Amino acid sequence: MKSDLEKWFEEEGEKILREIGIKKDDVILDFGCGKGIYSLPAAKIIGSKGKLFALDKSRTELNKLANKARSAGLNNIKIIETSGKLKIPMEDEFFDVVLLYDILHSYYFSSSERKELLEETYRVLKYDGFLSVYPEHMSLEEIKKEIEEAGFFFDKKIPGKLIHEEKFTHTHILNFKKTR
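Caption draft 1: Fine view of the overall build of the chain. Within the chain, the regular secondary structure consists of 5 helices and 7 strands. Overall, the chain shows an N-to-C arrangement of helices and strands of α-β-α-β-α-β-β-α-β-α-β-β. Rg of the C-alpha trace for the chain: 15 Å, near the compact-globule value of 16 Å for 180 residues, within the 12% margin. Each of the three principal axes of the chain carries a C-alpha extent, and together these read 45 × 35 × 30 Å.

Caption draft 2: Just helix α3 (residues 59-71), in detail. Over its 13 residues, α3 runs 18 Å from end to end, which matches the ideal 18 Å to within 8%, given 1.5 Å per residue. Those residues of α3 lying buried are Leu62, Leu65, Ala66 and Ala69. One side of α3 carries all its buried residues, which in axial view fall inside an arc of 100 degrees. Exposed and facing more than 90 degrees away from the buried side of α3 are Thr60 and Ser71. Elements that come into contact with the buried residues of α3 comprise α2 (39-46), β2 (51-56) and β3 (77-81). Just past α3, the residue Gly73 takes up positive phi, approximately 75 degrees.

Caption draft 3: Geometry of the sheet that holds strand β4 (residues 95-101). On the basis of which strands lie adjacent, the open sheet formed by 7 strands has the order β3-β2-β1-β4-β5-β7-β6 and mixed pairing. Here the strands that pair on one side only, and so sit at the sheet edges, are β3 and β6 (152-164). In this sheet, adjacent strand axes meet at a mean angle of 20 degrees when their direction is disregarded. The sheet contact formed by β6 and strand β7 (residues 167-178) spans 12 bridges and is antiparallel.

Caption draft 4: Structural context of the packing of helix α1 (residues 4-20) against α2. Across the interface, α1 lies against α2 with an axial gap of 8 Å and an inter-helix angle of 70 degrees. Judged by the inter-axis angle, α1 sits roughly perpendicular to α2. Here α1 runs over α2; the crossing is right-handed. Where α1 abuts α2, its residues Trp8, Phe9, Gly13, Glu14, Leu17 and Arg18 lie against Leu40, Pro41, Ala42, Lys44 and Ile45.

Caption draft 5: Spatial organisation of the nonpolar core. In terms of nonpolar packing, the biggest core is built from 32 residues, with Ile20, Ile22 and Ile77 touching the most fellow members. When residues of this core are traced back to their parent elements, those giving at least two are α1, α2, β2, α3, β4, β5 (125-134), β6 and β7. Apart from residues lying up to four places away in sequence, Ile22 is in contact with Leu17, Ile28, Ala42, Ile45, Ile46, Val97, Leu99 and Phe130. Ile103, Leu104, Leu117 and Val133 belong to the second-largest nonpolar core, a separate cluster that totals 29 residues.

Caption draft 6: Molecular detail of the environment of Lys49. As for its position among the elements, Lys49 is in the loop between α2 and β2. Here the alpha-carbon distance between Lys49 and Lys24, two residues 25 residues apart in the chain, equals 7.8 Å.

Conventions we followed
- Residues numbered from 1 in each chain as written.
- Predicted model: local features only at pLDDT ≥ 70, side-chain atom pairs only at ≥ 80, totals over all residues.
- Heavy atoms only, no water.
- Helix = DSSP H or I, 4+ residues; strand = E, 2+ residues; numbered from the N terminus.
- Rg over C-alpha atoms; globule rule 2.2 N^0.38 Å.
- Expected span 1.5 Å × (residues − 1).
- Buried < 20%, exposed > 50% of the residue type's maximum accessible area, 1.4 Å probe, protein only.
- Arc of directions from axis to C-beta.
- Contact = heavy atoms within 4.5 Å.
- Pairing = 2+ DSSP bridges.
- Axes fitted to C-alpha atoms, helices over the stretch in contact; angles between N-to-C directions.
- Parallel < 35°, antiparallel > 145°, perpendicular 65-115°, else oblique.
- Left-handed = near helix turned anticlockwise from the far one by under 90°.
- Core = buried A, V, L, I, M, F, W, Y, C linked by side-chain atoms within 4.5 Å.

Here it is in structure tokens:
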């Protein structure tokens, strides 16, 4: 019998990430990507002309992701190790999609650090792109308010099942657009 993680990588991950709006040729930032739970299925969707930037402060996790990407024949993932700083090393309006999945909570960031990260996200996201958030460990209303205060507007709430701690969890994903 297959584990939830195996099912996620074989089909469920691509299915839900397509539902949230990821498409062929997108340029994506997976901030706090860890070992690539969301990066790998997203990289499959965007294809060879798309690019996924996997950013994390853990060299160990990034190495695991790089090895999995190689094994899967995915050459469209660029690994970015960060020192833990919230500055995203990319130019303004670079990304079509930014994923902040299970990252915007007090375990990792204070309220002021979340604000700084959201400001950076706003800077690097294209106006016709979207921010997608999996708000684990925070209430939907609390995170929605913080994101809107950073200049985004709520676009949609997508129900679905994601992987959290290597098991499926039924949750909601929130998508936001930039205000002008």
